[in-house]
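The primary structure of each chain is shown beneath.
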Amino acid sequence: MSESDHSATSSLEDTGVDLGIGSCSDPTRRRLILTALATGACLAARKSAAEEDRPGSEERPQQGDVLVFSEGEHAGEVIKPQDLKLGGPPVHAWPKDPKTSVVRSGSRLNEILVVRLDPAELDDETRGRAADGIVAYSAICSHAGCSITGWLKGADVDHDVFKCPCHNSEFDPRQSAQVVFGPAPRRLAALPLSAADGSLAVIATFVGKVGAQQAG
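Everything numeric in this text was worked out from a predicted model, so none of it was measured. Residues take numbers from 1 onward in each chain, read along the sequence in its written order. Residues qualify for local features only when their pLDDT is at least 70, as the model is predicted, and side-chain atom pairs are given and counted only at 80 or more; totals for whole chains, interfaces and linings, by contrast, use all residues. Note: side-chain values were computed over all heavy atoms of the structure, leaving out hydrogens and water.

Let's shift gears to the pairing of strand S10 (residues 199-202). Three labels apply to residues, based on accessible area from a 1.4 Å probe with only protein chains included: buried if under 20% of the type maximum, exposed if over 50%, partly exposed otherwise in between. Note on conventions: DSSP H or I runs of at least 4 residues are helices, E runs of at least 2 residues are strands, and numbering of each starts at the N terminus. Burial along S10 is two-sided: the residues Ser 199 and Ala 201 and Leu 200 and Val 202 are all buried. Any two strands with at least two DSSP bridges between them are considered paired. Bridge analysis of strand S9 (residues 193-196) against S10 gives four bridges, and the strand direction is antiparallel. Within the sheet, the bridge partner assigned to Ser 194 lies in S10 and is Ala 201. Between S9 and S10, which pair antiparallel in sequence order, lie two residues; one of them, Asp 197, sits at a positive phi of approximately 55 degrees.

So, about the pattern of salt bridges. Each reported salt bridge corresponds to a side-chain nitrogen of Lys or Arg within 4 Å of a carboxyl oxygen of Asp or Glu. All chains considered together, the criterion is met by 10 salt bridges. Where Arg 104 meets Asp 65, a salt bridge forms, and the shortest distance between an N and an O atom there is 2.6 Å. Placement of the pair is Arg 104 in the loop between strand S2 (91-96) and strand S3 (112-116) and Asp 65 in the loop between helix H2 (27-52) and strand S1 (66-69), with a sequence separation of 39 residues. Each member of the pair Arg 104 and Asp 65 is classed as buried. Through salt bridges with shared partners, a single network forms among Glu 59, Asp 65, Asp 97 and Arg 104.

Glancing now at the packing of aromatic side chains. By convention, a stacked pair of Phe, Tyr or Trp rings (six-membered ring in the case of Trp) has centres within 6.5 Å and planes under 30 degrees apart, an edge-to-face pair has planes over 60 apart, and any other such pair is tilted. Scanning all chains against the criterion turns up two aromatic pairs. A ring pair is formed by Tyr 137 and Phe 162, whose centres lie 6.0 Å apart and whose planes are at 70 degrees; its orientation type is edge-to-face. In this pair, Tyr 137 is assigned in strand S4 (residues 134-138) and Phe 162 in strand S6 (residues 160-163), connecting sequence segments 25 residues apart. On the basis of relative accessibility, which here comes to 2%, the residue Tyr 137 falls in the buried class. Exposure remark for Phe 162: the relative accessible area of 0% places this residue in the buried category. A centroid spacing of 5.5 Å and a plane angle of 50 degrees characterise the contact between Trp 151 and Phe 162, whose relative ring orientation is tilted. Here Trp 151, found in strand S5 (residues 150-153), pairs with Phe 162, found in strand S6; they are 11 residues apart in sequence, far enough to count as distant. An identical accessibility class is assigned to Trp 151 and Phe 162; each is buried.

Structure below.
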């Protein structure tokens, strides 16, 4: 066994997780199973890295891209309008080129927040970029470039808003993700959408600057 395989196997052994091999009385068999698991994890990591290195993976969302889940058990799957619960919570997404199947996950600045809201709650500007009440915005805070993860009742509004965990900036997706609380200097960049053929498609590039000043 190579030194790298030995290290990976030792790491798995050290976890103490019952993988159904702890009661195995054959040390050779146990080592083979652990080595196979370590090799599988290594190949998965290499595959992920290779996908992020594919041409186009770092490009900003393009017209015609579709949105896919960026995390969870459905990561990589196309987001359908019916996947989104009215009123949230939002889901995190990546844009994907449907022609090349490249997921644009090579830059964290491409991560998107997608949430379904009542169209009647949206202001005119937001409604013009929405797909039946579904709106999409950059998931990167405009203050310090943190990832926005919160969906909580706002400090100064009576409904849920996007909330950044770093410095508590809040953005209202009903009003073009304008800042409604905290130090963020500007709203989140918006991504115009349409709903067609059971998916959410990008119809224009980001409206507004993505991320913090230092994020570029």
